[in-house]
Amino acid sequence: MRKFRIGVALGGGGVRGLAHIGILSVLEKNGIMPDAISGSSMGAVVGAMYAADPDSGRLRQKIETFFSTNSIKDISSYFSKTVPKRPFGSVLSLAKQFFIINRAAVRPSILTEQQVKKLFSGIPLPENFSSLKIPFCAVATNIGRGIEADFRTGDLRKAVLASASIQGIFPPVKIDGDFFLDGGTVNSVPISPIREYCDFVIACDVRPKRRIIPSFKKGLDVLARTDAISSYQLVDLQLKQADFILRPDVSGFHWANFKRFAACVEKGENEASGKIESLRKQIRRKKIAGFAGRLF
């Protein structure tokens, strides 16, 4: 009989994606180990690291060490909404925003290739997909062709970098003549890349909850809102392919506030722990329903 295969799809969301660590930890403790993992953006970073070394305790330690580096602190300070408490803090905050907007207007990205290279050099990953212990797929966006790109073989580090390169902030990643950016643009919670391989797919959605906005004063606000609506609708449609969805309550976390590491992990643990019995039941039902099909 063919083994009943479980897949885990890890979504993007910056710091909010660290909730995946808590989810993987609870699944592991309950004997639910993935036979395949897919990830977009932060989900690709966490997923690739777990696929290389499927131990949630070591995963947490490695990522916590990585996010305590000066490179991460510098990046976080770029995009933090917190106003410095020191004298002229508000002026400094406005100056920082002006600098970021100006750089975004005249360059392909806010961060330079050198900054990104230094940042990602601290991620403990093998060079190639073939070194992974669990099959893994990193999802990125081919911005030149306007299509989804699913990386399963070749240069693992470059594929994860492409998947996690937020548009406008990170420079596009060149692979085999094409340019790639954040996978969340086309497939925020990438279920489809592992759907055919797996009998049961757990989707981990770390998007903030949809807010109700009562009024709009600027045209740019309307454009941003309509773009957000399109994105949410697309992901909601894609999530229908999942057998089970975990949604940690991470709405209150700014995507670049890496100081909330422990709190994000805890949110993931709480969500998975609260739904573990329901998940077990769903897995059992799917196993029974697909029993005959796995005999051949």
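You'll find the structure just up there.
Cut-offs applied
Residues numbered from 1 in each chain as written. Predicted model: local features only at pLDDT ≥ 70, side-chain atom pairs only at ≥ 80, totals over all residues. Heavy atoms only, no water. Phe/Tyr/Trp six-rings, centres within 6.5 Å; stacked < 30°, edge-to-face > 60°. Buried < 20%, exposed > 50% of the residue type's maximum accessible area, 1.4 Å probe, protein only. Lys NZ or Arg CZ within 6 Å of the ring centre and 35° of its normal. Helix = DSSP H or I, 4+ residues; strand = E, 2+ residues; numbered from the N terminus. Polar contact = N/O pair within 3.5 Å; in protein donor to acceptor, adjacent residues only side chain to side chain. Contact = heavy atoms within 4.5 Å. Axes fitted to C-alpha atoms, helices over the stretch in contact; angles between N-to-C directions. Parallel < 35°, antiparallel > 145°, perpendicular 65-115°, else oblique. Left-handed = near helix turned anticlockwise from the far one by under 90°. Salt bridge = Lys/Arg side-chain N within 4 Å of Asp/Glu carboxyl O. Pairing = 2+ DSSP bridges.

A.B. asks: Looking at this structure, how should I read the packing of aromatic side chains?
C.D. replies: By convention here, two paired aromatic rings are described through the distance between centres and the angle between planes. If you walk through the whole model with that rule in mind, you get 5 aromatic pairs. When the ring of Phe 66 is compared with that of Phe 67, the centres are 5.0 Å apart and the planes differ by 65°; the resulting orientation is edge-to-face. By the burial criterion, Phe 66 is buried, and Phe 67 matches it. An aromatic cluster is defined as three or more aromatic residues linked by ring pairs; in this entry it consists of Phe 66, Phe 67 and Phe 261. Its end group placed over the ring of Tyr 197, Arg 5 keeps NZ or CZ at 4.5 Å from the ring centre.

A.B. asks: How should I be thinking about the side chain of Asn 187 in this particular structure?
C.D. replies: Tracing the chain through its elements places Asn 187 in the loop between β6 (178–182) and α8 (192–195). Judged by its relative accessible area of 2%, Asn 187 falls in the buried class. Only 3.1 Å separates the side chain of Asn 187 from the side chain of Ser 192, close enough to count as a polar contact. Excluding residues that lie within four positions of it along the chain, Asn 187 makes contacts with Ser 40, Val 139, Glu 148, Ser 192, Pro 193 and Gln 238.

A.B. asks: Explanation requested: unusual backbone geometry in the structure shown.
C.D. replies: Of all residues except glycine, most have a negative phi; of all peptide bonds, most are trans. Within the chain, Ser 41 stands out as a residue other than glycine whose phi angle is a positive 55°. With respect to the secondary-structure elements, Ser 41 resides in the loop between β2 (36–40) and α2 (42–52). Judged by its relative accessible area of 6%, Ser 41 falls in the buried class.

A.B. asks: Explain the environment of Ala 272 to me, please; I cannot follow it from the model alone.
C.D. replies: With respect to the element layout, Ala 272 can be found in helix α10 (residues 261–289). Put simply, Ala 272 and His 20 are 252 residues apart on the chain and 9.6 Å apart in space, counted from C-alpha to C-alpha. Other than its neighbours up to four places away in sequence, Ala 272 contacts Ile 23, Val 26 and Leu 246.

A.B. asks: Looking at this model, I keep getting lost on the packing of helix α1 (residues 19–29) against α10. Mind explaining?
C.D. replies: Each packed pair of helices is defined by two parameters, the angle between the axes and the distance between the axes. Between α1 and α10, the least distance of the axes is 6 Å, while the angle of their chain directions is 40°. When the axes of α1 and α10 are compared, the pair comes out oblique. The crossing of α1 and α10 is right-handed. Where α1 abuts α10, its residues Ala 19, Ile 21, Gly 22, Ile 23, Ser 25, Val 26 and Leu 27 lie against Phe 261, Cys 264, Val 265, Gly 268, Glu 269, Ala 272, Ser 273, Ile 276 and Leu 279.

A.B. asks: Explanation requested: the pattern of salt bridges in the structure shown.
C.D. replies: A side chain of one charge can pair with a side chain of the opposite charge when the charged atoms of the two come close. Under the definition given, this model contains 14 salt bridges. In this structure, the salt-bridge partner of Lys 275 is Glu 271, at a minimum N-O distance of 2.7 Å. You can see Lys 275 and its partner Glu 271 sitting in helix α10, 4 residues apart, about one turn around the helix. With a relative accessible area of 30%, Lys 275 lands in the partly exposed category. Accessibility expressed as a relative area gives 12% for Glu 271, which makes it buried. When salt bridges with common partners are traced through the structure, they connect Asp 53, Asp 55, Arg 58 and Lys 62 into a single cluster.

A.B. asks: How should I be thinking about the pairing of strand β3 (residues 136–142) in this particular structure?
C.D. replies: Looking along a regular strand, one sees the side chains alternate between the two faces of the sheet. Across the 7 residues of β3, 7 count as buried, placing the element largely inside the fold. Burial along β3 is two-sided: Phe 136, Ala 138, Ala 140 and Asn 142 facing one way and Cys 137, Val 139 and Thr 141 facing the other are all buried. For β2 and β3, the ladder comprises 4 bridges, and the chain directions are parallel. Across the sheet, the residue bridging to Ser 40 is Val 139, located in β3. From the end of β3 to the start of strand β4 (residues 147–151), which pair antiparallel, there are 4 residues, and Gly 146 there has a positive phi angle of about 70°. Across 3 bridges, β3 lies against β6 in antiparallel orientation. Of the residues in β6, the one forming a bridge with Asn 142 is Phe 180.

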